[in-house]
Amino acid sequence: MAANLNNPKFTVPVNDVEQQTTLQLEHKDDDFDYSKRSQWLRAAVLGATDGLVSTASLMMGVGAVKHDIKAMILTGFAGLVAGACSMAIGEFVSVYSQLDIELAQIKRDNEVDHEDKESLPNPLQAAAASALAFSLGAMVPLLAAAFIRDYNVRLGLVVAAVSVALALFGWLGAVLGKASVVRSSARVLIGGWLAMAITFGLTKLIGSHGL
């Protein structure tokens, strides 16, 4: 028996269809925007973690053989500047290479629209973001050691401040990556401890032999 298509039960309101389509498009746009934001945030967290661990390890290494505060602060500051410049240059070169590839692809396709231009990577923006993230992470051990004259207290405070920051960065990375918070924080924390301990131990060993 054929269904009567004129029956109101079989009629789909046009307004409902348009509303559902609009909601689906908005949902896709929200997912896309969130994905882009989360990628930037994760890159920023990684850059800050890099600055935190590398600068703290440098300061701990120098602190193993030099007990004065000036040597540790100068080492940390040099590590901050060198690391931020290195991150910025590396990110600029990498993103610029990606930009060249995407521009070449657009020329081959002979299709350039406003959305394509907006989606292209910005090398200067990426370089500045990487340098800023690294610098923010590197500031943690520098601020922790800046005003502490006592050697043992200074080392302990640096380790404590770096440990708190590592746990925070691990938690943030887990939230952005939708991973286990405990495992992520533990991995970042243990990795940072190992980096500082290895640097401190090897520098102490070399320094004790007068090399």
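Note that this is a predicted model, so its numbers are computed, not measured. (Residues numbered from 1 in each chain as written. Predicted model: local features only at pLDDT ≥ 70, side-chain atom pairs only at ≥ 80, totals over all residues. Heavy atoms only, no water.)

Caption draft 1: Examining the overall build of the chain more closely. On a plain count of helices and strands, the chain comes out with 6 helices and 0 strands. For the chain, the α and β elements follow one another from N to C terminus as α-α-α-α-α-α. Within the chain, buried positions represent 29% of all 211 residues. Expressed as a percentage of contacts within the chain between residues at least 6 apart in sequence, the contacts between residues at least 24 apart total 72%. For the chain, the exposed surface amounts to about 13,900 Å²; the carbon and sulfur share of it is 65%. (Helix = DSSP H or I, 4+ residues; strand = E, 2+ residues; numbered from the N terminus. Buried < 20%, exposed > 50% of the residue type's maximum accessible area, 1.4 Å probe, protein only. Contact = heavy atoms within 4.5 Å. Areas by Shrake-Rupley, 256 points an atom, 1.4 Å probe, with all protein chains shown as cover.)

Caption draft 2: Just the side chain of Ser57, in detail. Mapped onto the secondary structure, Ser57 falls in helix H1 (residues 14–63). Polar side-chain contacts of Ser57 include one of 2.7 Å to the backbone oxygen of Val53. (Polar contact = N/O pair within 3.5 Å; in protein donor to acceptor, adjacent residues only side chain to side chain.)

Caption draft 3: Broad picture of a nonpolar patch on the surface. Among the surface-exposed residues, Ile190, Trp193, Leu194, Ile198, Leu202 and Leu205 lie close enough to one another that they form a single nonpolar patch of about 600 Å² accessible area. With respect to the helices and strands, Leu202 occurs in helix H6 (residues 181–208). A relative accessible area of 49% means that Leu202 is categorised as partly exposed. (Patch = residues over 30% accessible without salt bridge, like charges linked within 9 Å, V, L, I, M, F, W, Y side chains within 5 Å. Salt bridge = Lys/Arg side-chain N within 4 Å of Asp/Glu carboxyl O.)

Caption draft 4: Expanded view of the confidence of the model for the chain. Predicted confidence across the chain gives a mean pLDDT of 80, with 77% of residues reaching 70 or more. Across the chain, element-level confidence peaks in helix H4 (residues 123–145) with a mean pLDDT of 92 and bottoms out in helix H3 (residues 114–119) with 66. Note on residues 8–12: pLDDT under 50 across the span, and 5 contacts to partners over four residues away in sequence or across chains. This stretch, residues 25–34, has a pLDDT under 50; its non-local contacts, to residues over four places away or in other chains, come to 2 contacts. (pLDDT = per-residue confidence, 0-100.)

Caption draft 5: Representation of the nonpolar core. Ranked by size, the top nonpolar core spans 28 residues in total, and within it Leu52, Val158, Val162, Leu166 and Phe169 carry the most contacts. Ranked by residues supplied to this core, first place goes to helix H5 (residues 151–177) with 8 residues. When near neighbours in sequence (up to four residues on either side) are disregarded, Val162 contacts Leu52, Ala56, Val140, Pro141 and Met196. (Core = buried A, V, L, I, M, F, W, Y, C linked by side-chain atoms within 4.5 Å.)

Caption draft 6: How the structure looks around the environment of Thr203. By the element assignment, Thr203 lies in helix H6. Among the residues examined, Thr203 registers a relative accessible area of 26% and is labelled partly exposed. Discounting chain neighbours no more than four positions away, the residues touching Thr203 are Gly61, Ala64 and Val65. Within polar-contact distance, the side chain of Thr203 engages the backbone oxygen of Thr199 at 2.6 Å.

Caption draft 7: Region of interest: the packing of helix H2 (residues 69–109) against H4. Between H2 and H4, whose axes approach to 7 Å, the crossing angle comes to 165 degrees. One finds that H2 runs roughly antiparallel with respect to H4. Helix-helix and strand crossings are classified by hand; for H2 and H4 the assignment is right-handed. (Axes fitted to C-alpha atoms, helices over the stretch in contact; angles between N-to-C directions. Parallel < 35°, antiparallel > 145°, perpendicular 65-115°, else oblique. Left-handed = near helix turned anticlockwise from the far one by under 90°.)

Caption draft 8: The packing of H5 against H6, seen in detail. Relative to each other, H5 and H6 sit at 145 degrees, their axes nearing to 7 Å. Judged by the twist between their axes, the crossing of H5 over H6 is right-handed. Residues Tyr151, Leu155, Val162, Ser163, Leu166, Ala167, Gly170, Trp171 and Ala174 of H5 lie in contact with H6, whose contacting residues are Val181, Ser184, Ser185, Val188, Leu189, Gly192, Trp193, Met196 and Phe200. Residues of the contact of H5 with H6, tallied by class, amount to 13 nonpolar, 5 polar and no charged. (Nonpolar A, V, L, I, M, F, W, Y, C, P; charged D, E, K, R; others polar.)

Caption draft 9: Here's a closer look at the side chain of Thr49. Relative to the elements of secondary structure, Thr49 occurs in helix H1. Judged by its relative accessible area of 16%, Thr49 falls in the buried class. One polar contact links the side chain of Thr49 to the main-chain carbonyl oxygen of Val45, over a distance of 2.7 Å. Setting aside chain neighbours within four positions, we find Thr49 in contact with Leu166, Phe169 and Val188.

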